[in-house]
Amino acid sequence: LRVRVDVLPQGDYSGAAIVVDVLRATTTATTFLEQGAAEVILAPSPAAAHLLGQAQDRPSLLAGERGGLKMDGFDLGNSPQEAAAQRWDGQSIIMNTTNGTAAAHIAARSAWPVFLGCLRNAPAAAKAALDSGVTEVTVVCAGTDGMVSMDDVYAAGALVHHLNALQPCVPDDSALIAHTLLTRWPPGDALRRSWHGRRLLTLELEADLEFCAQVGVSQCVPTLLETRGGGLVFG
Ligand code: MLT
């Protein structure tokens with residue numbers, strides 16, 4: 001199995017992609033599904049999210065952020081703790097976020113299957129990618145506004161670790177770099193030191209950061225099922 005890490009979403013993948021925006025979009029999407037949501041749809045823009053919301057057959061809620069905060073006209077922010085606070089059975093959750101959503105759309109242009117990964121589901125996401133039978137897996141890091149995010153590269157390292165534990169892998173150099181980060185800090189410390197982590201701390205979102213730093217506590221792996229109205233439908 002070849003394992004690559006794209007520290008920023010470059011596109012043009014062969015095989016499976018695991019998209020990672022550990023702070024916080026892919027952690028939040030994972031948590032909505034874990035808490036019973038029927039599906040999570042990653043909309044390409046806030047306007048597309050509103051249109052998708054009007055077009056759904058089942059009840060839907062809009063979730064997302066700009067600058068880390070809930071958008072006007074949206075029902076929910078991008079907080080995994082908010083997602084964990086109640087059940088969402090039968091609901092379509094339509095999300096748009098700054099970086100994570102865009103990364104998933106780039107990955108979905110060429111990769112198949114496409115999963116959402118984070119620290120919470122790292123072992124389960126690695127197993128899902130392996131079980132898909134591909135010979136190449138790319139962990140696609142969302143980054144922050146076009147810059148490499150250490151929090152995403154760290155989570156990618158955890159995915160590389162779990163992929164390699166299940167089946168010996170041939171890593172590219174980015175995968176080796178990501179994996180090396182794991183030996184430097186425990187997850188909470190790594191997330192706290194990252195630029196995005198520091199920004200969440202200034203927004204008093206430390207509880208979200210702690211939630212995102214828990215490794216292997218979720219078996220839920222959002223998997224791309226189809227595209228609908230320009231949105232990526234994960235279940
Ligand atoms: C994003 O998609 O840019 C992030 O998930 C931002 C955030 O932490 O809300």
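Residue positions are counted from 1 within each chain, in the order its sequence is given. pLDDT decides what is reported in this predicted model: residues at 70 or higher carry local features, side-chain atom pairs at 80 or more are listed and counted, and totals for whole chains, interfaces and linings draw on all residues regardless.

Per an unreviewed UniProt entry, the protein chain is named Probable 2-phosphosulfolactate phosphatase, and its organism is Deinococcus lacus. Of the comments in the UniProt record for the protein chain, the one headed Sequence similarities (unreviewed entry) reads "Belongs to the ComB family." Taken directly from UniProt, the Cofactor (unreviewed entry) text for the protein chain runs: "Mg(2+)". UniProt positions are given in the numbering used here, feature names are shortened, and annotations may be inferred rather than shown by experiment.

Asks: Even after reading the chapter, I still don't get the sheet that holds strand β7 (residues 114–117), so can you show me in this structure?
Replies: Within a sheet, adjacent strands bond to each other through the backbone by hydrogen bonds, running parallel or antiparallel. When DSSP finds two or more bridges between a pair of strands, those strands are recorded as paired. Where helices and strands are cited, they refer to DSSP runs of H or I of at least four residues and of E of at least two residues respectively, numbered from the N terminus. Within the open sheet, the five strands sit side by side as β7-β2-β8-β1-β9. Their pairing is parallel. At either end of the open sheet lies a strand with only one pairing partner, and these are β7 and β9 (170–171). Looking at chain direction, strand β2 (residues 16–20) and β7 are connected through four bridges and run parallel. Within β7, the residue paired with Ala17 across the bridge is Val114. Contacting β1 (2–6), β2, β7, β8 (136–141) and β9, helix α6 (residues 150–166) crosses the sheet at an angle of about 160° to β8. With C-beta atoms placed from the backbone, a contact is any residue pair whose C-beta atoms sit within 7 Å. Under this scheme, a helix contributes an axis fitted over its contacting stretch, all axes are lines through C-alpha atoms, and angles between N-to-C directions fall in the 0 to 180 degree range.

Asks: What is the right way to look at unusual backbone geometry in this model?
Replies: A negative phi holds for most residues other than glycine; trans holds for most peptide bonds. Residue Leu23 is joined to Arg24 through a cis peptide bond whose omega torsion reads 0°. Structurally, Arg24 is set in the loop between β2 and α1 (25–34). Looking along the chain, the bond that leaves Trp112 and enters Pro113 is cis, with omega of -5°. One can find Pro113 in the loop between α4 (100–108) and β7. In this structure, Asp12 takes a positive phi of about 60° despite not being glycine. Mapped onto the secondary structure, Asp12 falls in the loop between β1 and β2.

Asks: Is there a simple way to explain the nonpolar core in this structure?
Replies: Side chains of a nonpolar character, in soluble globular proteins, are inclined to be buried together. Counting 76 residues, the largest nonpolar core has Ile18, Val19, Val20, Ala107 and Leu159 as its most contacted members. Considering every element that reaches this core, the biggest residue donor is α6, with nine residues. Any nonpolar core is a set of buried residues, restricted to Ala, Val, Leu, Ile, Met, Phe, Trp, Tyr and Cys, that join up through C-beta atoms within 7 Å. Once C-beta atoms are placed from the backbone, each residue is buried if 20 or more other C-beta atoms lie within 10 Å of its own, exposed if 12 or fewer, and partly exposed for counts between those two.

Asks: Is there a simple way to explain the site of the ligand in this structure?
Replies: All residues are tested the same way: a C-beta atom is placed from the backbone, and lying within 6 Å of a molecule or strand makes the residue near it. In the vicinity of the ligand, the contacting residues are Asp21, Leu23, Arg24, Ala25, Glu65, Gly68, Asn78, Thr97, Thr98, Asn99 and Gly100. Basically, the charged four are Asp, Glu, Lys and Arg, the nonpolar ten are Ala, Val, Leu, Ile, Met, Phe, Trp, Tyr, Cys and Pro, and anything else, Gly included, counts as polar. Of the residues in the shell around the ligand, the class split is two nonpolar, six polar and three charged.

Asks: Looking at this model, I keep getting lost on helix α5 (residues 122–131). Mind explaining?
Replies: Structural remark: α-helix, 3.6 residues per turn; residues separated by three or four positions point the same way. For α5, the full list of buried residues reads Ala122, Pro123, Ala125, Ala126 and Ala129. With its buried residues spanning 165° around the axis, α5 presents them on a single face. As for α5, its buried residues are in contact with β2, β7, β8 and α6. Remark: Gly133 follows α5 within two positions and exhibits a positive phi of approximately 80°. Within this analysis, the arc is defined by the directions that extend from the helix axis to the C-beta atoms.

Asks: Sorry if this is basic, but what is going on with the sheet that holds strand β4 (residues 60–66) here?
Replies: Pairing within the open sheet is mixed, and its six strands lie in the order β5-β4-β6-β3-β11-β10. At either margin of the open sheet sits one strand with a lone partner, and together these are β5 (69–70) and β10 (224–228). Strands β3 (39–42), β6 (92–96), β10 and β11 (231–234) of the sheet are contacted by α4, whose axis makes an angle of about 90° with β11.

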